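Observations on the model geometry
Residue strings, one per chain:
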Amino acid sequence: MIRRLTEADRQTTLDFLLEEPEINLFAIGDIERFGFDAHFQTLWGDFEADTDHLQAVLLRYESNYIPYFKNNHYNPAIFANIMLSDPDFRMLSGRLPLVRRVQEAIAIATEALERPEPAYIEKVTYFCKLTEATQLSPENPTQTIKIAIPDDAPRILDLIKEIDEFSDSITTTEHRMRENIETGASRVYFIEDPNRRLLTVSQTAAENSASAMIVGVATRPDHRAQGLMSACLSSLCRDLLGEGKTLCLFYDNPRAGSVYHRLGFDTIDQWLMLIKR
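Residues numbered from 1 in each chain as written. Predicted model: local features only at pLDDT ≥ 70, side-chain atom pairs only at ≥ 80, totals over all residues. Heavy atoms only, no water.

Further remarks concern the confidence of the model for the protein chain. In the predicted model, the protein chain carries a mean pLDDT of 92, and 98% of its residues have values of at least 70. Mean pLDDT values over the elements of the protein chain span from 66, in helix α6 (residues 164–167), up to 98, in strand β4 (residues 64–69). (pLDDT = per-residue confidence, 0-100. Helix = DSSP H or I, 4+ residues; strand = E, 2+ residues; numbered from the N terminus.)

In structure tokens, the structure reads:
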């Protein structure tokens, strides 16, 4: 039986999601920050009919849907129907095998409805996690690593815009970055030169009580291969691990992946985004 989840379902839902906190960091973070009544997000839970045991959760955040279930025999047809009934449905994302299962259910549902199956742009990334600090770069007392305050937002964005890998995909505004830093939704560590020019940054997103996503790791091209990124990222990870959080990140660049693996990140899965054309 599927139904909308409410505040009364908070603990049941979090207990279910926290069995794999790294995979569910988006849903956990959104529940902790926004609850169950925000207009831009909805959560559904599918409960076993006989036991009332929660077996699957679907999160809608604006136009993006993220499914989660653990049983390999679970049929996500009801998730497909929910998404197809939403005219604003634009993206399906999550653990690759789960997304493929939902994609198949959407194909079956559209065929039954005699509607064309949606066409997607697919983006596959590797999904990594870090649980211990043993391989992080050692602290260097000669290197000053700073934690950003809201007024640093323009400088951070200026650096990100200069990085080719990020220049075409920046969606964060200065206002949003200021807000995220101020509220603790994300944190940014950086190293700067004597003229206050940022050289490297490492950031988090989707922070919650159990986990955090590492994002926006960037170094100016003329300052790469100097250990700056490793030092900055290691400092951020060390502090987060000290708070008892599991750290996660996505990557699709093999060169970046080799750096993350050297620091102790392990690839645990693939993450698939299906973006409707």
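Turning next to the packing of helix α3 (residues 77–84) against helix α4 (residues 96–112). Helix packing geometry: the angle between the two helix axes and the distance between the axes. Two elements in contact, α3 and α4, have axes whose closest approach is 8 Å; the angle formed by their N-to-C orientations is 65°. It follows from the interaxial angle that α3 and α4 lie roughly perpendicular. Between α3 and α4 lies a crossing of right-handed hand. On α4, the residues that touch A77, A80, N81, M83 and L84 of α3 are V102, A105, I106, A109 and T110. Here the contact of α3 with α4 is built from residues that sort into eight nonpolar, two polar and no charged. (Axes fitted to C-alpha atoms, helices over the stretch in contact; angles between N-to-C directions. Parallel < 35°, antiparallel > 145°, perpendicular 65-115°, else oblique. Left-handed = near helix turned anticlockwise from the far one by under 90°. Contact = heavy atoms within 4.5 Å. Nonpolar A, V, L, I, M, F, W, Y, C, P; charged D, E, K, R; others polar.)

Let us look at the environment of T183. Positionally, T183 belongs in helix α7 (residues 174–183). A relative accessible area of 58% places T183 in the exposed class. Taking the C-alpha atoms as reference points, T183 and P150, 33 residues apart in sequence, are found 9.5 Å from one another. (Buried < 20%, exposed > 50% of the residue type's maximum accessible area, 1.4 Å probe, protein only.)

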